[in-house]
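In case you want the letters, here they are:
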Amino acid sequence: YHKPELDAQKIFDELRVQRDAVAPYLGDTFHFLRKARQEGKTILLEGQLGSMKDPDHGIYPMVTSSSTLAGYGAVGAGLPPYEIQDIVCVVKAYSSAVGAGAFVSEIFGDEAQELRVRGGDKGEFGATTGRPRRMGWQDCVATRYGVQVQGATQVALTVVDALGYLDKIPVCVGYEYEGKTLTEFPTTQILEKCKPIYEVLPGWKTDIRGITRYEDLPEACRNYVEFIEKQIGVPITMVSNGPGRNEIIHR
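These remarks concern the structure in this document.

The rules behind each value
Sequence order as written defines residue numbering, which begins from 1 separately in each chain. Local features in a predicted model are, by the rule used here, given only for residues with pLDDT of at least 70; side-chain atom pairs are given and counted only at 80 or more, and totals for whole chains, interfaces and linings are based on all residues. Heavy atoms throughout the structure, all of them, feed into the side-chain values; hydrogens and water do not. Strands here are runs of E lasting at least two residues and helices are runs of H or I lasting at least four, both read from the DSSP assignment and numbered beginning at the N terminus. Residue exposure (1.4 Å probe, protein chains only): buried if accessible area is under 20% of the type maximum, exposed if over 50%, otherwise partly exposed. Here, residues are in contact when the closest pair of their heavy atoms is within 4.5 Å. Only the protein chains shown count as cover for residues, and all accessible areas are computed by the Shrake-Rupley method using a 1.4 Å probe. Two residue types count as positive, namely Lys and Arg, and two as negative, namely Asp and Glu; His and chain ends fall outside the count. The location of each charge is read from NZ of Lys, CZ of Arg, CG of Asp or CD of Glu. In short, DSSP must find at least two bridges between two strands for them to pair. To get an axis, a line is fitted to the C-alpha atoms, and for a helix only the part in contact is used. The angle between two axes follows their N-to-C directions and goes from 0 to 180 degrees. Each reported salt bridge corresponds to a side-chain nitrogen of Lys or Arg within 4 Å of a carboxyl oxygen of Asp or Glu. The term nonpolar core refers to a set of buried residues drawn from Ala, Val, Leu, Ile, Met, Phe, Trp, Tyr and Cys, joined through side-chain atoms within 4.5 Å.

**A look at the overall build of the chain**
Then, in step 1: Counting its regular elements, the chain contains seven helices and ten strands.
Then, in step 2: Here the C-alpha coordinates of the chain stretch approximately 60 × 55 × 40 Å along the principal axes.
Then, in step 3: Scored against the burial criterion, the 251 residues of the chain give a buried share of 40%.
Then, in step 4: In the chain, once contacts between residues fewer than 6 apart in sequence are set aside, the share between residues at least 24 apart is 65%.
Then, in step 5: Accessible surface for the chain amounts to roughly 15,700 Å². Of this, 53% is attributable to carbon and sulfur atoms.
Then, in step 6: Treating the 28 positive side-chain charges of the chain as one cloud and the 33 negative ones as another, the clouds have centres 1 Å apart.

**Remarks on the sheet that holds strand S2 (residues 95–97)**
Then, in step 1: The three strands are arranged S2-S4-S3 in an open sheet whose pairing can be described as antiparallel. Here the strands that pair on one side only, and so sit at the sheet edges, are S2 and strand S3 (106–107).
Then, in step 2: As judged from the three bridges shared by S2 and strand S4 (residues 134–136), these two strands associate in the antiparallel manner. Bridge assignment links Ser 95 to a residue of S4, and that residue is Gly 136.
Then, in step 3: In this fold helix H4 (residues 109–118) packs onto S3 and S4, with an angle of close to 95° to the strand it touches most, S4.

**Regarding the pattern of salt bridges**
Then, in step 1: Going through the model one piece at a time under the given rule, you end up with 13 salt bridges.
Then, in step 2: Its salt-bridge partner being Asp 20, residue Arg 19 comes within 2.9 Å of it at the nearest N-O pair.
Then, in step 3: Here Glu 247 ties to Arg 209 by a salt bridge, and the two come within 2.6 Å at their closest N and O atoms. Taken together, the residues Glu 247 in the loop between strand S9 (236–240) and strand S10 (248–250) and Arg 209 in the loop between strand S8 (195–202) and helix H7 (219–232) connect sequence positions 38 residues apart.
Then, in step 4: If you follow the salt bridges from partner to partner, you end up with Lys 35, Glu 39 and Lys 41 in one network.

**A word on the nonpolar core**
Across soluble globular proteins, nonpolar side chains show a tendency to be buried alongside one another.
Then, in step 1: Ranked by size, the top nonpolar core spans 40 residues in total, and within it Leu 163, Trp 204 and Tyr 224 carry the most contacts.
Then, in step 2: Elements with a minimum of two residues in this core: strand S1 (88–92), H4, helix H5 (140–150), strand S5 (154–158), strand S6 (168–177), H7 and S9.
Then, in step 3: With seven residues, the single largest contributor to this core is H7.
Then, in step 4: The contact partners of Leu 163, leaving out residues within four places of it in the chain, are Ala 93, Tyr 94, Leu 115, Ile 169, Trp 204 and Tyr 224.
Then, in step 5: Counting residues in each nonpolar core, the second largest holds 13 residues, with Met 52, Ala 142, Leu 182 and Phe 185 among its members.

Right, here's the structure in full:
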């Protein structure tokens, strides 16, 4: 591949250094967590990717190789399933996607680019590749299905601050399919033929960064949060209005 030949001894030596660095953190997690349970400690499990990437319940075939659902956390950690008592789903105030696949509420062109550069931490671009992510409005049909399949007990609604530039904010509340209105998330072959049905909410046209109390958010912003909450049927207990760890409003 027109690259220098690999030096096996050099690679081996580098791996030994890395081994020694992580060695203090290795252990038998099954017995570690079992002991923690017996001592009444709280255990936090973090899932990777999202509901729609699950190989069984996601948008097949654009899925990953292992389950992304909260229920699988018990399997991966070696915990009894009944030990998972609180499931927090993280939901963006708008939609984004990486790679191909069905995306009903997707937007394009300047409209998408404006949201893309304002979203995320430093814009909606791949952390490694820098590739622009696909953008769309909040899809309550997909989100409701996502939190249902996760068994969510509460939701954290993130990057709400990114929408502060909009006069009006469309929200996808249903799908149009062959002249019918769908409110339940369909299988992939139907999803690929769906068109969004929008309800348009008024924007708040102001920067909400720095606000620490939910009551102090603009009324239109609170209405937006509560509209999504009603649509998805799960309490939104946290609202993030910035990328910082401390920029989370608890309701």
